[in-house]
Amino acid sequence: MSLLITGASRIETPVGQSAHRGAGMEEIRIIPDGVVRCEGSQIVFVGSRTDHDRAFGAADEELDAAGGAILPGFVDPHTHPVWAGSREDEFNRRLHGESYMDIARSGGGINQTVRATRNAGFEELLDAALERLDTFLLHGTTMIEAKSGYGLDLTTEIRMLEVIRTAHERHPVDLVPTCLAAHEVPPEFRDDPEAYIRTVTEDVYPQIARRGLAEAVDAFCETGVFDIPQTRRLLADAPRYGWGIHLHADELTPLGGAELAVELGALSADHLVHVTDAGIAALAASPTIAILLPGTSFFLRSTYAPGRRMIDAGCAVALATDCNPGSSPTESMPTIVALACLEMGLTIEETLTAATLNAAAALGRADRYGSVEPGKQADLVILNGPSAQHIVYHYGVNPVRHVVKAGRVVVLDGRIREPAERAG
Ligand code: NIG
Ligand code: FE
């Protein structure tokens, strides 16, 4: 099965098999009037129509980009896409002056979603997740990292990770699973957080590892949640299970989460709104990716992570939605890209790198995903505007016309194709 994408104004992509850092994030390859050919799930040719026609015959299927730009599919390296219930009430309370942490301490926040998620069955959680995945896909996202963390007990953490696994099997979007049992101290352990840490490390992690349900682990390292020594203990066994590490770091207070992530050799340190200069220097000198989540700052009406300063210091920055019911209920990477440019001062070129190749690197997958190059998986977005600039310039609407996942056209003219309609 082969697919040829023609009629594009340009192809726009970072290149390479590893993250770009600092000034390197600006380096984008632009191929005017380029075509892309896919064979099976792979990209086999990127270049001019003339060169293509010299080397290849007709393809089984052609897709007309109709003057749009071809980009790599967005990779969203930090999401919480499985939950039940809604927190609209809490959002309104924040508008009336309460803070995210005030609400959490009064029994709302993460623990409110935990109550709803514990009470929901597998099918209910799966249906809700699949609906969100449709929205991710329609906005050009072809791979997400997906965290558990609204169970906070063995049964529900396993159920969430099984939902993630099933959704990965059933939906075109790839889900990369992370165990976030250390998302919060659940109410039944409020008076004894240490006992919860023991439960997580001695019971929950081993059972999840045995079932092969996660490939990474994460913790909410934050004042009033898990402090630095507790986080250290929570993440200590990651190497034994073969898990990579992500860390919710320096989101609400400057606790030193970035430095800890670097020290532990984490794949990523995430949020970083309150990262210190020492934290930025540590990240710049390490392979750990800084995942920034401007949607969360926007939605919590807080300050933004110093993305501009971090890139200027030489960090490798990625962008993510943080899609979750409390602090960032969106699946839209185009919205995140717009916020990164307009509120953090990143350039279009930097955000393109951050939302594709660097995001794939944060999931340990930059060798196969995150750019439009021969040998990479054919995960592509075709915009309805002529360049990546249109993601930000024409803001607030969905800029995605078509999506190709693993060589198949899964979104055509802004509509998800049913499996039977997809070629092959
Ligand atoms: O990444 N910071 C912790 N976790 C989420 C919020 C989850 C929630 O409020 O439900 C975050 O912002
Ligand atoms: Fe998060």
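What comes next concerns the included structure. From a predicted model like this one, the values you see are computed outputs, not experimental measurements.

Focus: the overall build of the chain
- Assigned secondary structure in the chain consists of 17 helices and 19 strands.
- By the compact-globule yardstick of 22 Å for 424 residues, the chain fits well, its C-alpha radius of gyration being 21 Å.
- Dimensions of the chain, computed from the C-alpha atoms along their principal axes, are close to 70 × 45 × 45 Å.
- Classification of the 424 residues of the chain by burial places 61% in the buried group.
- Residue pairs in contact within the chain that sit at least 24 positions apart in sequence constitute 72% of those at least 6 positions apart.
- Surface summary for the chain: the accessible area is close to 15,400 Å², and the carbon and sulfur share equals 50%.
- The chain carries 36 positive and 58 negative side-chain charges, and their two centres are separated by 2 Å.

Things to note about the sheet that holds strand E9 (residues 141-147)
- Pairing within the open sheet is parallel, and its eight strands lie in the order E8-E9-E10-E11-E12-E13-E14-E15. The outermost strands of the open sheet, each flanked by one partner alone, are strand E8 (74-76) and strand E15 (317-319). Strand-to-strand twist in this sheet, taken as the mean axis angle between neighbours without regard to direction, amounts to 25 degrees.
- The pairing of strand E12 (residues 244-249) with strand E13 (residues 268-271) spans four bridges and is classified as parallel.

Regarding the pattern of salt bridges
- As enumerated under the stated definition, the model contains 22 salt bridges in all.
- The closest approach of N and O atoms between Arg54 and Asp51, which form a salt bridge, is 2.8 Å. On the criterion of helical spacing, the pair formed by Arg54 and Asp51 is a turn pair, its members being three residues apart in helix H1 (residues 49-55).
- Under the relative-accessibility criterion, Arg54 is labelled exposed at 66%.
- With a shortest N-O distance of 3.3 Å, Arg240 and Asp237 are connected by a salt bridge.
- Each member of the salt-bridge network shares a partner with another, and the members are Arg49, Asp53 and Glu62.

Points about the coordination of the iron ion (ligand 2)
- Taken together, the protein donors to the iron ion (ligand 2) comprise His78 (NE2), His80 (NE2), His248 (NE2) and Asp322 (OD), at separations of 2.1 to 2.3 Å.
- Mapping the donors of the iron ion (ligand 2) onto the primary sequence yields the spacing H-x1-H-x167-H-x73-D. In this structure, His78 and His80 share a single accessibility class: buried.

Brief notes about the state of the cysteines
- Per the counting criterion, the structure on display carries zero disulfides.
- We note that Cys323 lacks a disulfide partner, and the nearest cysteine sulfur, in Cys179, lies 19 Å from it.
- Classification of Cys323 by relative accessible area gives buried; the value is 0%.
- Here Cys341 is not disulfide-linked; the sulfur of Cys315 is the nearest cysteine sulfur, at 18 Å.
- Cys341 gets classed as buried once you look at its relative accessible area, which sits at 12%.

Cut-offs used in this document
- Residue numbering note: each chain is counted from 1, following its sequence as written.
- Chain A is the first chain written and ligand 1 is the first ligand written, with later ones labelled in order.
- In keeping with the model being predicted, local features are shown solely for residues with a pLDDT of at least 70 and side-chain atom pairs are shown and tallied solely at 80 or more, while totals for entire chains, interfaces and linings include all residues.
- As a convention, hydrogens and water are excluded, and side-chain values are obtained from all of the structure's heavy atoms.
- Counting from the N terminus, the helices are the DSSP runs of H or I reaching at least four residues and the strands are the DSSP runs of E reaching at least two.
- For the radius of gyration, the atoms used are the C-alpha atoms, and the globule rule reads 2.2 Å times the number of residues raised to 0.38.
- Relative accessibility thresholds used throughout: buried, under 20% of the residue-type maximum; exposed, over 50%; partly exposed, between the two (1.4 Å probe, protein chains only).
- Residue contacts are counted whenever heavy atoms from the two residues lie within 4.5 Å of one another.
- Areas reported here follow the Shrake-Rupley algorithm with a probe of radius 1.4 Å; residue values treat only the protein chains shown as occluding.
- A residue counts as positive if it is Lys or Arg and as negative if it is Asp or Glu; His and the chain ends are not included.
- A single reference atom marks each charge: NZ on Lys, CZ on Arg, CG on Asp, CD on Glu.
- Only strands joined by at least two bridges in the DSSP assignment are considered to pair.
- Only the contacting stretch of a helix is used when fitting its axis, a line to C-alpha atoms as for every element, and angles between N-to-C directions run 0 to 180 degrees.
- Here a salt bridge means any side-chain nitrogen of Lys or Arg lying within 4 Å of a carboxyl oxygen belonging to Asp or Glu.
- Donor selection uses N, O and S atoms within 2.8 Å of the metal (3.2 Å for Na, K and Ca). Since no water is included, sites may look incomplete.
- In what follows, a disulfide is any cysteine sulfur pair within 2.5 Å.

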